Amino acid sequence: VPLVKRSDYSAPDYWFDHTNLEFDLDAVKTRVSSRIAVRRNEDVDSKGNPLVLNGEGLDLISVAIDGRVLSGNAYIESDGLLTIFDVPDMFTLEIVNDVTVEGNTSIMGLCASYDGEIFSQCEAEAFRKIAYYQDRPDVLSRYTVTLRADKAKYPILLSNGNFFEAGDLEDGRHWATWHDPFVKPCYIFALLAGDLKRTTETYRTISGKDVEVSIYASPESIDMCSHSMDFLLKAMKWDEDVFGREYDLDVYNVGILNGGPGAMENKGLNLFDPNWIVADPTNTSDDEYEYRKKTTAHEYFHNWSGDKVTIRNWFQVSLKEGLTRFRDQLFLADVTEFGSVRINMCRHIRNNQFTEDDSPTAHPIIWDAYIEPRNLFTNTVYDKGQECMFMLMWMVGRPRFCEVVAAFFDRYDGTAATIEEFLGCYEEESGIDLSQFRRWFYQAGTTEVSIATEYDEAAGEFHIDLAQETTQTPGERTKQPLHIPLAVALLDHRGQEMPARLAGENGVPQPGTRVIDFTERRQRVTFIGVNERPVLSRHRYFSAPVRIKDDPQDADLAHLVRYDQDIFARWDAGQSYAARVILRDVARLAEGQTPAVDDAFVAAFLSPLDDQRLSPRLRADLLGLPDERTIGEWMDVFDVDGVHEAWAFTAQAVARKGADLLLKAYEQNGGTGPYDLAPETVGKRKLRNVALDYLVRLGEPDMLDLALRQVKDSRNITEQYVALKILCATGSEQKAEAIEIYRDRWKHDQLATDKWYRAQAAAARSDTAARVEELMSADDFNLKLFSRCFSICEQFFYFNHYGVHEPTGEGYRVYAEQMIRVDHVVPLLSNWTVSRSGFSRWRRYDPRRQELIKLAFRTMRDAEGVSKGLIELCDKALA
Ligand code: DPP
Ligand code: ZN
């Protein structure tokens, strides 16, 4: 399998100025006729070069140039390439081919959805499974698309751009033509044909243009789309307000299909699986609601960051994904709470991006080489890429950064751009030199920042000694120091921010956050005029995606947990403190001792619970213990069993000490009606559910009944689902009853039932693997129902660390067997799961687990008929 290298890039030999596509759609076999206006690229040495097109799994019918059908020796088709010789400098290329649609569940190329719609998914390199083309993002073309299909089966015919014309044909067929006036790469081409219902709103843009915004969905789902429509309209307005981005087409269409491509930003025709967008208060939990709001907005924001300004090649994918995720995070922060958004992102990065950096697949944001471009959509590309955008924003302030981004969009509209071009634009607009900052994009690995402090009472000076070191990653020998913006503040004994000046600064000292430009391997920072020993609040608002290594006293951590005004730093102090306490117990257990309750920790950790200055949502966030996976990151060898036991012990200690307050929080924040989605109510529900989670850990029948009652009596899906999930983690009688009640109530509803699977797959128990196997192998479990299969795979193999790594080793066997089954049906999902679930870090576990994990990778790799992406991932993991 060929390796594609960044250094091998060269511009295409030919441009495609216009692309006309005609589809005779059919669920078995579809005929595609393309007519492309081709022009030789004068800027490269291409004279006399053949035209090379990608095409995979297609049945070629004919090739013609300027109306003349070519004979078989004018071209060669082999290994996924169609090479046409002796072409003129400018010509019309016409190709006819057939595509097999039937049985294509891969979510690549032309596919049939679970309910029978025909749709396309082309990112990253699947347009070549539809038509012969230069399938690369830097070939930009204007598209006209005509769809013909049976009118009764496919009354709706959609493609990119603006609707042009439609009409009827004989034999009960009809046609529709769409024209997209803006150039685009083929990976955001899309079509959709089906019997779908529609809901429409008119959006008036900032310049007064009316856009018809429509969502198309199945008759069962269409009434559940009003919230999605609302997200969309809010996102359109927000992008105008914050980045000055106006929508460009006359229509904006969204299609929702079961087994659709997750969420895909095709120009003017976004396609989704319901799990990523449908948000109805009856079946969508609060967390999902927020996630879908963010995803719906994300795909809309791609219209500028991805579609209008696209990427030169797949090495630049973070230019659209990192930037767009940055935009969706900023949007989410604006419509919820900034602190909470940062906490969630940090949690996600620690568990997923840092671990990716510490795996055999570690790579820089700008990759050097790849085999399967689908596997480039990583946590590093999205999340580290997004954090680079945040750092660039901290450096100039939000308003200025938004102007820089707007200038970039204006300058590169209609082109295939690079991250270098983005950084160059930033430098020009801001006057800041990014030569050192650039390393964030080209260097893999997580940077660890060590912090030591020293207070000189006599001199009134506070020194911070910083050192940075980046973890080793495969194939990179030396690591250069990065430019790290590190936000800090000094707190006094009352927890107030102290006024202080950095050595060398003049003027009146100001309290509040200071951003240190940390650029050397080692650097000393001195605050002057410090008249009492301060407590350092560091890494405020997660100002850089780095791991902090410091060793404050327990009392200082407790002080920060009680008082830090920066919500992220406050949360993080609680996380460090909790991890420290749990790790002490892990060590005790390893020596055969019993764990011990740390009263000072428990008291501090519970303090946010009755801090009335905090919103309920933030209180809930602060009360969350770092999960087992995160704790394990502090250990050289992950003691899975020790961490599991010590974690449960600490959670129980918090629950016991806080029982009264937790019960009060439970009672005072509950009883919310079914449809109230106001942020305050959502926050209250969150706090109530966190309280319930702790209370159930007490193991008392009363508390288990409380959870069971919540499943039974609550009229709110979030409350029902979370209580079910909490009970599933127990070995109680109430669990079985809750499982029955929930299933019976929701059996008619797909998305609510998906959560029935999730709740069970989430249980951090040693019998969960067996349950997951039972659920996935049951007759009524259809691997093609994407939202369901995704729900269980994500929840179990990705989130449930203990569930898969439990001591018997069954988890690994189930992992390998189910991934192979999934790979045969939807390789996209198996690749996604395997690339994210962290098993490639098998070296972090004990020798017995190492052997079992390696066996799982070998089993998957050697299984018959598995995808090349899965083989690539297994080979990398075993290397
Ligand atoms: N659908 C994915 C996203 O928007 C890939 N483009 O992030
Ligand atoms: Zn995206």
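Everything quoted here is computed from the prediction, not taken from an experiment.

## Quick look at the UniProt feature "domain: Aminopeptidase N-like N-terminal" (unreviewed entry) in the chain
So, step 1. The positions that UniProt labels "domain: Aminopeptidase N-like N-terminal" (unreviewed entry) are, in the present scheme, residues 101-187.
So, step 2. Secondary structure content for residues 101-187 is 0% helix and 47% strand, while the C-alpha to C-alpha distance between its ends is 18 Å.

## Re the domain arrangement of the chain
So, step 1. Partitioning the chain into structural domains gives domain 1 (4-195), domain 2 (550-698) and domain 3 (747-879).
So, step 2. Each of domain 2 and domain 3 has a C-alpha centre, and these two points are 29 Å apart.
So, step 3. Counting residues at the interface gives 7 residues for domain 2, matched by 7 residues for domain 3.
So, step 4. Sorting the residues of the side of domain 2 that touches domain 3 by element identifies helix 13 (628-632) and helix 14 (640-668) as the ones contributing at least two each.
So, step 5. The dominant element in the side of domain 2 that touches domain 3, judged by the number of residues it contributes, is helix 14, at 3 residues.

## Structural notes on the site of ligand 1
So, step 1. Around ligand 1 sit Glu123, Gly262, Ala263, Met264, Glu265, His298, Glu299, His302, Glu321 and Phe377, and that is every residue in its neighbourhood.
So, step 2. Tallied by class, the residues present in the shell around ligand 1 amount to 3 nonpolar, 3 polar and 4 charged.

## Notes on the sheet that holds strand 10 (residues 109-112)
So, step 1. Sheet architecture is open: 4 strands sit in the order 10-11-16-13, paired in antiparallel fashion. Two strands in the sheet have a free side with no partner beyond their single neighbour: strand 10 and strand 13 (156-159). This sheet shows a mean twist of 20° between the axes of neighbouring strands, independent of strand direction.
So, step 2. One ladder, built from 4 bridges, connects strand 10 with strand 11 (residues 118-121); its direction is antiparallel. Looking across to strand 11, one finds that cysteine 111 is bridged to phenylalanine 119.

## Some thoughts on unusual backbone geometry
So, step 1. Note that the residue after glutamate 123, namely alanine 124, is joined by a cis bond; omega there is 0°.
So, step 2. Note on placement: alanine 124 falls in the loop between strand 11 and strand 12 (141-150).
So, step 3. Phi at histidine 539 takes a positive value of approximately 60°, unusual for a residue other than glycine.
So, step 4. Of note, histidine 539 is situated in the loop between strand 31 (535-538) and strand 32 (547-549).
So, step 5. The backbone of phenylalanine 542 shows a phi angle near 55°, a positive value even though the residue is not glycine.
So, step 6. Residue placement: phenylalanine 542 occurs in the loop between strand 31 and strand 32.
So, step 7. The class of phenylalanine 542 is buried, set by 23 C-beta atoms lying within 10 Å.

Conventions used here
- Residues numbered from 1 in each chain as written.
- Chains lettered and ligands numbered in written order.
- Predicted model: local features only at pLDDT ≥ 70, side-chain atom pairs only at ≥ 80, totals over all residues.
- UniProt positions renumbered as here; feature names shortened; annotations may be inferred.
- Helix = DSSP H or I, 4+ residues; strand = E, 2+ residues; numbered from the N terminus.
- Domains from an automatic or database assignment.
- Contact = placed C-beta atoms within 7 Å.
- Near = placed C-beta within 6 Å.
- Nonpolar A, V, L, I, M, F, W, Y, C, P; charged D, E, K, R; others polar.
- Pairing = 2+ DSSP bridges.
- Axes fitted to C-alpha atoms, helices over the stretch in contact; angles between N-to-C directions.
- Buried ≥ 20, exposed ≤ 12 C-beta atoms within 10 Å, placed from the backbone.

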